Every structure is written in structure tokens, then in C-alpha cells.
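Single-letter residue listing:
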Amino acid sequence: LLSQDSYYLSAPSASLRVHGEANFDHPEAFDWPLLRDHLSQMKKGIDVAVPAYDYRTSRRTSETHTVGPAKVVILEGIFTLWDEALRDLFDLKIYLNVEADIRFIRRLHRDVRERGRTHDEIIRRYYDTVRPMHQLFLEPTRKYADLVIGEESDVAADIVAARVRELLK
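Residues numbered from 1 in each chain as written. Predicted model: local features only at pLDDT ≥ 70, side-chain atom pairs only at ≥ 80, totals over all residues. Heavy atoms only, no water.

## Looking at the packing of aromatic side chains
Consideration 1: All told, the structure shown has seven aromatic pairs when counted by the stated rule.
Consideration 2: By the ring-pair criterion, three or more aromatic residues cluster together here, those being Tyr8, Phe30, Trp32, Tyr53, Phe79 and Trp82.
Consideration 3: Here the basic side chain of Arg87 rests over the ring of Tyr144, its NZ or CZ set 3.5 Å away from the ring centre. (Phe/Tyr/Trp six-rings, centres within 6.5 Å; stacked < 30°, edge-to-face > 60°. Lys NZ or Arg CZ within 6 Å of the ring centre and 35° of its normal.)

## What to know about the packing of helix α3 (residues 100-115) against helix α4 (residues 119-138)
Consideration 1: Following both chains from N to C, one finds α3 and α4 inclined at 135 degrees, their axes separated by 11 Å at the closest point. The orientation of α3 with respect to α4, classified from their angle, is oblique. Considering only the axes of α3 and α4, their crossing is right-handed. Between α3 and α4, the residues in contact are Ala100, Arg103, Phe104, Arg107, Leu108, Asp111 and Val112 and His119, Ile122, Ile123, Tyr126, Val130 and His134, respectively.
Consideration 2: Here the residues of the contact of α3 with α4 are counted per class, giving eight nonpolar, two polar and three charged. (Axes fitted to C-alpha atoms, helices over the stretch in contact; angles between N-to-C directions. Helix = DSSP H or I, 4+ residues; strand = E, 2+ residues; numbered from the N terminus. Parallel < 35°, antiparallel > 145°, perpendicular 65-115°, else oblique. Left-handed = near helix turned anticlockwise from the far one by under 90°. Contact = heavy atoms within 4.5 Å. Nonpolar A, V, L, I, M, F, W, Y, C, P; charged D, E, K, R; others polar.)

## Description of the environment of Arg107
Consideration 1: Relative to the helices and strands, Arg107 is located in helix α3.
Consideration 2: For the pair Arg107 and Tyr126, spaced 19 residues apart in sequence, the C-alpha to C-alpha distance is 9.0 Å.
Consideration 3: Excluding residues within four positions of it along the chain, Arg107 makes contact with Asp25, Ile122 and Val130.

Right under this line is the structure:
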């Protein structure tokens, strides 16, 4: 399992700032060359040193952790279908369709518990960056998916598990 969040840049470009804060919900907030390189290496059976990202400081740490080699690699993250070169490395592309209210509630709970953010800060970021970036960049990536599933679909999970088992053979 490889998390795209590990590939956030420590200092996204100044042009991505909204109200003086970095916009981590923009595709340019990620280290695409490193992520592409790591996935290419893993497809060749080579393990990679994945960077560690600290959400409280919004920076990469000096730590890494080794991932791979593996017969199946699952890359999870909101922008996994955004980059064409990255999409070309996938055997199966899945878009998880989650309603906006559910996405917001999950973010609210997670950011308060795990990232030490206030309700007001989370709501402001949602309106300033999260919602508009989702509409502009994420929703359109749905068209690149081989499979679109809803969060409550048990059947879709069975289909994905069957495909992973097939790839492992």
C-alpha cells in the first residue's frame, strides 16, 4: 500500500497560496516526478524509500520507510488519476465516489483528532480550497477510471478483490 500523501511537497509554490496558506488540495502540491519514479521502480520489482510526511507541520520529515517489492501495489490518494504518466503505470484505475457531505464530515473529524485543527479553520479551508479544487481537478478525473464505486458498495469491493487476486496469480 502506497499513500499519495507521502509525496506532498514541503513547500508548494507561492502561486498556490490562498489567504497566505499553502493550498494542499491542488495537484501542484505533490512531488510527481518522485511518485512516478517510485511507481516505475516498484513495477520492476524494486523497493523504494517512501518519504514520511507530517500533517501537523505540513512538511516532509527526514524519515523514509521502505515499500516493496510486491506483486500488487495499491496507490491510494485523491489525485492518483490526475497525472497521465502515472495513470499509464496502473493496471486498474478506481475512482471512489463519495458525496460531498460525507467527505466534509470525514475531514472535519480527522483534522480535529489527528491534525490539531479547529472547526473554524477546517470550514474556512473547505470553502477556500478543498471544495473548489475538488470540482476543478478531482471530479473530472472520474472519466479515467476503469471502475467507479460508491463508498457503500460491497459488490464493488468484491470486484476489486477479485481483480487483485487475479493480478497476484
